[in-house]
Amino acid sequence: MSLKYAVLAALLEGEASGYELSKVFDVSLANFWPATPQQLYRELERLAQDGLIEARVVQQERRPNKRLFTLTESGRRELGAFAVEPPRRPAALRDEFLIKIQAMDGTDPEATRALVEERMSWARGKLARYERVRDRLLDGRTEEEYLARAERIGPYLTLMGGIAFEADNVRWCERVLVILKRRAPLG
């Protein structure tokens, strides 16, 4: 899958500038489809050339003009067709950190523990950020109320996936640290 569909899906929330989209990616899409601002801007240009989004320029005083992007009907149709087709292949996890863990035997156990603690810290940070996003989305409602009445639930469902993923990362790191501590005399 290309970045194309992630950008189109982000624009379902409404008109946005490239900067605003990069913030959306940081907060709500990074848990499953990260992108740099440069990648986003290149993709926005391609999507506009393909007629899947429209751009309009907003004049600003004391700042450069900004472009706001919206989905076209063609973009909505293409995104809708994409949304119902099965994935070409199952998701694959590619993680340099796991290669390091795979190769840890015979290396400095303290260095390995430090790597695991760093991963756990990152996971906790992302989990806290996702939980703040969830709290903003719920805005005082229960999850059941939100899911029953919200206009769009897709962003919330993907957020739930990100929360589950990072919570599992934290649990896994905690377990690995316990195992490494037990094995310390062997190291």
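Please refer to the structure placed before this passage.
Please read these numbers as outputs of a predicted model, since none were measured by experiment.

Here we look at the overall build of the chain
- Across its full length, the chain carries 8 helices and 3 strands.
- For the chain, the succession of helices and strands along the chain, N to C, is α-β-α-α-β-β-α-α-α-α-α.
- In terms of C-alpha radius of gyration, the chain reaches 21 Å, well past the compact-globule figure of 16 Å for 187 residues.
- Taken along the three principal axes of its C-alpha coordinates, the chain extends 65 × 45 × 40 Å.
- Scored against the burial criterion, the 187 residues of the chain give a buried share of 30%.
- For the chain, the exposed area adds up to about 12700 Å²; of that, 53% sits on carbon and sulfur atoms.
- Treating the 31 positive side-chain charges of the chain as one cloud and the 29 negative ones as another, the clouds have centres 2 Å apart.

Things to note about the packing of aromatic side chains
- Under the defined criterion, the tally for this structure stands at 3 aromatic pairs.
- Each ring, one from Phe97 and one from Trp172, has its centre 5.9 Å from the other, and the planes form 85 degrees; the classification is edge-to-face. With Phe97 in helix H5 (residues 96–102) and Trp172 in helix H8 (residues 154–183), this pair connects stretches of sequence that are 75 residues apart.
- Relative to Tyr156, the ring of Tyr146 has its centre 5.1 Å away and its plane inclined at 45 degrees; by these criteria the two rings are tilted. Of this pair, Tyr146 sits in helix H7 (residues 143–149) while Tyr156 sits in helix H8, and the two are 10 residues apart along the sequence.

Focus: the sheet that holds strand S3 (residues 66–71)
- Taken together, the 3 strands give an open sheet; going across it, the order is S1-S3-S2, and neighbouring strands pair in antiparallel fashion. Each having just a single partner strand, strand S1 (16–17) and strand S2 (53–58) make up the two edges of the open sheet.
- As paired strands, S1 and S3 are joined by 2 bridges and run antiparallel to one another. Within S3, the residue paired with Ser17 across the bridge is Leu68.

Rules and cut-offs
Residues numbered from 1 in each chain as written. Predicted model: local features only at pLDDT ≥ 70, side-chain atom pairs only at ≥ 80, totals over all residues. Heavy atoms only, no water. Helix = DSSP H or I, 4+ residues; strand = E, 2+ residues; numbered from the N terminus. Rg over C-alpha atoms; globule rule 2.2 N^0.38 Å. Buried < 20%, exposed > 50% of the residue type's maximum accessible area, 1.4 Å probe, protein only. Areas by Shrake-Rupley, 256 points an atom, 1.4 Å probe, with all protein chains shown as cover. Lys, Arg positive; Asp, Glu negative; His and termini not counted. Charge placed at Lys NZ, Arg CZ, Asp CG, Glu CD. Phe/Tyr/Trp six-rings, centres within 6.5 Å; stacked < 30°, edge-to-face > 60°. Pairing = 2+ DSSP bridges.

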